[in-house]
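# Report on the structure
So you can see what is in the structure, the chains are spelled out below.
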Amino acid sequence: MTKYTRQLTGAGPDVIIIGAGPVGSYAALNLAKVGVNATVFEEHPKIGHPSHCAGHLSIRSLSSMGLYPLPKGTVENTFRTANFYSSKGTKFSIRLSKPVTAALNRARFDQYLAKQAEAAGARFILNTRVQSIIMNDGFVTGVNVQQNGEKQEQVASKITVDAEGVSSRLLRQAGLRGLKPRGLVYAVEAEVENVRDVEQDAVEVYLGKAYASGFYGWLIPRLDGTAKVGLGTNRGNPRDCLQALMTKHPVASRQLSEAKITQISYHAITLGGPINKAYANGFLAVGDCASQVKPTTGGGVIFGLTCAKIAAETASEALKQGDVSSDALQVYQNRCSGLLSFDFNVMLKLRRFLDSLSDDKVDEMLRVCSRLGVDKALSSEDEIDFQGKMMLRVMGKPSMLAAISYFAMLYLSANA
Ligand SMILES: Cc1cc2nc3c(=O)[nH]c(=O)nc-3n(C[C@H](O)[C@H](O)[C@H](O)COP(=O)(O)OP(=O)(O)OC[C@H]3O[C@@H](n4cnc5c(N)ncnc54)[C@H](O)[C@@H]3O)c2cc1C
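Across its full length, the protein holds 13 helices and 19 strands. Relative to its length of 416 residues, the protein is compact, with a C-alpha radius of gyration of 22 Å against a globular reference of 22 Å. In terms of overall dimensions, the protein has C-alpha extents of about 65 × 40 × 40 Å along its principal axes. Expressed as a percentage of its 416 residues, the buried residues of the protein come to 48%. Sequence separation of 24 or more characterises 71% of the internal contacts of the protein that already satisfy a separation of 6 or more.

Before going further, it helps to examine the nonpolar core. With 124 residues, the main nonpolar core has Ala-27, Leu-231, Leu-284, Val-286 and Ala-311 as its most contacted residues. The element best represented in this core is helix H8 (residues 301-321), accounting for 11 residues. With residues near it in sequence (within four places) discarded, Leu-231 still touches Ala-187, Val-188, Tyr-211, Ala-212, Phe-215, Tyr-216, Gly-217, Trp-218, Pro-238, Cys-241, Leu-242 and Leu-245.

What follows concerns the domain arrangement of the protein. A common measure of how large an interface is: the accessible area buried when the components associate. Domain annotation for the protein reports domain 1 (2-50 + 108-180 + 274-347), domain 2 (79-104 + 182-270) and domain 3 (353-415). Placing the centre of domain 1 and that of domain 3 at their C-alpha centroids yields a distance of 36 Å. Counting only elements with at least two residues in the side of domain 1 that touches domain 3, the list comes to H8 and helix H9 (326-356). In terms of residue count, H9 provides more of the side of domain 1 that touches domain 3 than any other element does, 5 residues in total. When the residues that make up the side of domain 1 that touches domain 3 are grouped by side-chain class, the tally is 5 nonpolar, 2 polar and 1 charged.

What follows covers the site of the ligand. Residues in contact with the ligand amount to 36 residues; listed here are only the nearest, Gly-19, Gly-21, Gly-165, Gly-287 and Gly-300. Sorting the residues of the shell around the ligand by element identifies helix H1 (22-33), strand E3 (56-58), strand E9 (128-136), strand E13 (184-193), strand E17 (260-270) and H8 as the ones contributing at least two each. Of the residues that constitute the shell around the ligand, the class distribution is 15 nonpolar, 15 polar and 6 charged. Two domains share the shell around the ligand, each providing at least three of its residues, namely domain 1 (2-50 + 108-180 + 274-347) and domain 2 (79-104 + 182-270).

All right, on to the pairing of strand E7 (residues 101-104) then. Burial along E7 is two-sided: the residues Thr-101 and Ala-103 and Ala-102 and Leu-104 are all buried. Two strands pair when backbone bridges link them, and strand E4 (residues 75-79) and E7 are joined in this way by 4 bridges, in the antiparallel orientation. From the neighbouring strand, Phe-79 faces E7, where its bridge partner is Thr-101.

The rules we used
Residues numbered from 1 in each chain as written. Predicted model: local features only at pLDDT ≥ 70, side-chain atom pairs only at ≥ 80, totals over all residues. Helix = DSSP H or I, 4+ residues; strand = E, 2+ residues; numbered from the N terminus. Rg over C-alpha atoms; globule rule 2.2 N^0.38 Å. Buried ≥ 20, exposed ≤ 12 C-beta atoms within 10 Å, placed from the backbone. Contact = placed C-beta atoms within 7 Å. Core = buried A, V, L, I, M, F, W, Y, C linked by C-beta atoms within 7 Å. Domains from an automatic or database assignment. Nonpolar A, V, L, I, M, F, W, Y, C, P; charged D, E, K, R; others polar. Near = placed C-beta within 6 Å. Pairing = 2+ DSSP bridges.

Following this line, the structure appears as structure tokens:
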């Protein structure tokens with residue numbers, strides 16, 4: 001990946017992008033495609049590393065962005081089934097007629113996006129950390145960077161796009177509110193060998209506070225007997241919760257009884273819904289740092305890429321008009337909200353609903369879903385990202401209406 005590394009020379013770019021995660025690189029790609037001079041600073045020496053993500057994405061959404069199929073070696077497996085388990089081991093499955101999701105090798109995916117952006121004309125500078133934002137008269141006018149631990153250097157830009165991920169440290173320097181700690185869960189993601197008793201085209205989802213309070217656990221198998229296993233929690237140490245899942249959960253402990261962890265990583269996931277203001281004078285925030293992440297599943301790649309494209313369009317229009325003020329950049333927030341706010345609102349309610357349930361109620365809910373035939377009502381759905389619109393579509397089906405009435409009763413009884 002050294003070919004991405006360049007020296008800091010010459011005048012500043014029109015747009016600086018902080019972070020070469022998928023969102024930063026996709027913003028760079030969309031800027032470069034319309035001829036905007038964009039430079040990405042990435043603090044790590046290698047794009048995609050260290051990886052913290054399960055890389056479980058919707059094939060439909062990737063295809064609609066022209067990102068599927070992907071180069072060989074990027075897709076590790078595809079899935080048409082999701083098995084949900086309560087902490088007692090009750091199972092509810094949704095089986096679709098064709099694969100709807102893919103597990104990606106996130107490092108390769110990130111590298112692919114960066115290569116596309118570089119081929120389109122974006123510049124990537126690795127091993128270079130943005131230490132701080134430069135402010136002049138209330139405008140973000142560039143960044144202070146440090147390369148390979150050497151002396152700090154100032155780089156000017158007309159617009160800075162913050163794609164720094166969940167830490168949101170620089171966001172606050174630009175005068176915006178950081179992510180609310182209340183909306184965060186702490187996650188662990190492990191690579192494991194010797195997984196048993198799993199269907200190769202099914203993802204396993206373990207619900208319940210006993211193992212993953214405020215979120216869920218997952219097992220995403222590969223075809224070679226290895227898997228990605230993880231969970232998020234708002235209570236306790238994620239490593240201890242994972243240990244409990246692997247040794248005590250009635251189903252996961254069987255599937256993982258012989259499993260050996262070969263790699264492990266820890267990272268936060270933001271579930272609080274998008275921040276209220278993701279723009280300032282000369283500044284846009286995208287991806288995890290703007291909390292553009294699904295509150296139900298914690299998936300942030302698709303919505304992050306969607307908003308990165310909108311950020312690139314907004315930035316290029318603002319540059320053309322010669323106005324990078326927050327008034328001009330506000331259109332970014334309006335466009336993102338117009339596209340996503342309904343789905344975010346529904347998902348925030350679903351997250352609140354799930355969080356309100358005791359483990360016994362989750363167990364009951366999975367049994368009722370099977371009895372009402374919710375699996376059949378959802379069997380032709382391939383939408384996992386725009387969950388609000390998906391709910392609207394399936395609500396007309398009698399089994400879904402019955403299920404939603406039942407969920408409403410559960411919610412009311414949990415909060416009575
Ligand atoms: C355990 C786990 C599992 C997940 N699984 C899924 C999943 O299956 N599907 C899904 O859609 N989402 C998943 N997510 C969420 C997903 O990983 C994020 O939503 C996604 O990575 C957001 O992309 P991003 O580019 O905004 O941020 P990141 O991927 O975090 O990238 C930010 C980049 O910025 C760099 N950076 C940060 N600060 C600086 C700085 N000051 N200077 C220079 N560079 C900097 C970082 O090194 C990094 O490369 C998961 C998250 C976790 C924690």
